[in-house]
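Read off the chains here:
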Amino acid sequence: MRTYPDPFLRRWSRRSISIGLVMLAFLTMLLLSPVWAVACGIVDLISRGKVATLRGMAFVFCYAYHEMVGLALCLWVWLRYGRDPRGFHDGMFRAQYVWAKRLAEASIRVLGLRIHVESDYTFGDRRVILAARHTSIADTLVPMLYVCIAHRLNLLYVMKRELEWDPCIDIAVSRLPHLFVVRGSGDAAREIEAIGKLIEQQEDGVIIFPEGTRYSPAKRDRVLRKLEKSGEKDLVNWAGKHTNVIPLRTGGMQALLERNRDADVVFCAHRGFENASSFREAFNGSLIDADIYVKFWGVRFEDIPATREERRVWLLEQWGRVDDFAAGRIQPERKSAPAEVSTD
């Protein structure tokens, strides 16, 4: 779903460019793989690093390859279930999960990531609104891998419009009730209303990144300047005590909670992705051999504050815990390996 028009000509012009670029990148890297592998190996030998250049290029190749796999899965679902709405819906969710799981597992192996996950919440029995910290292009796969796939939950993502340029996201996700929103559209009320309506869909819940953008010190400073200009002194004061997150935009969360009739709220905090806020940084070796720590905790529907103002205070308290974990003030209690799940 989208909060803006996406006419046929615009949609397929975009897809012809994005799919064409991915295919070109994959084929070029495949044909020239002996050349770039040797060249990157020489660079790494000279630099005596962690084979960062070679592994960075391998990561880019994995991404391009799995984009091709994802597009093939979408085509298979369309050919098999094109006239069966329920089968098409379920098949596209499965295709989404197979693509995400294969891409995540390949990236973990290539980059040598060690991901440690703990959860104080038991997933599977109840619907959820999952609010996650966002610092990197990679952390969006954390809820997908450790919640949706691990516990077989169909959760709907709230995503920025720019992600349409990823062909797998554009084609697969646009055929499911996920939501693309426009940041800075000038019509915040419409965007917020559309987010709120997601919880009324007949799925297992919603995933939202309530900071509204990837965290970085520079972006945080820009957000704080805007808050100061708009007179939101309470958020500016809150941010002065919580320096590892961006103050969450409460509009989307409030809209979800106002329409919520049964879902628990789960928070996802993590640290370790901060040095890979862009594709370029992920490519240059910032994530190689990194330890990533992830923590989930939940609040049952019955314990969510009733009034809007109480919920605002509560949301900021919970986001303060996210900041504490990101800063290392809350230490992980245990470790776990990446989730394994059948994709049959």
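Residues numbered from 1 in each chain as written. Predicted model: local features only at pLDDT ≥ 70, side-chain atom pairs only at ≥ 80, totals over all residues. Heavy atoms only, no water.

Draft legend 1. The arrangement of the overall build of the protein chain in detail. Each helix and strand in the protein chain was counted, giving 12 helices and 7 strands. Expressed as lengths along the three principal axes of its C-alpha atoms, the size of the protein chain is roughly 60 × 55 × 40 Å. Counting over 344 residues, the protein chain shows a buried share of 52%. Look at the contacts in the protein chain between residues 6 or more apart in sequence, and 78% of them connect residues 24 or more apart. Accessible surface, the protein chain as shown: approximately 16500 Å² in total, 58% of it carbon and sulfur. Each charge class in the protein chain can be summarised by its mean position, and for the 49 positive and 42 negative side chains these summaries are 4 Å apart. (Helix = DSSP H or I, 4+ residues; strand = E, 2+ residues; numbered from the N terminus. Buried < 20%, exposed > 50% of the residue type's maximum accessible area, 1.4 Å probe, protein only. Contact = heavy atoms within 4.5 Å. Areas by Shrake-Rupley, 256 points an atom, 1.4 Å probe, with all protein chains shown as cover. Lys, Arg positive; Asp, Glu negative; His and termini not counted. Charge placed at Lys NZ, Arg CZ, Asp CG, Glu CD.)

Draft legend 2. Expanded view of the pattern of salt bridges. Enumeration according to the criterion identifies 26 salt bridges in this entry. Between Asp323 and Arg329 there is a salt bridge, with its nearest N and O atoms 2.5 Å apart. Look at the salt bridges and you will find they share partners, linking Asp6, Arg10, Arg11, Arg14, Arg15, Glu164 and Asp170 into a network. (Salt bridge = Lys/Arg side-chain N within 4 Å of Asp/Glu carboxyl O.)

Draft legend 3. Highlighting the nonpolar core. Counting 104 residues, the largest nonpolar core has Leu130 and Phe296 as the members making the most contacts within it. Per-element tally for this core: the top contributor is helix H4 (residues 85-111), with 13 residues. Other than its neighbours up to four places away in sequence, Leu130 contacts Phe123, Pro143, Val147, Val206, Ile207, Ile208, Val266, Cys268 and Phe296. (Core = buried A, V, L, I, M, F, W, Y, C linked by side-chain atoms within 4.5 Å.)

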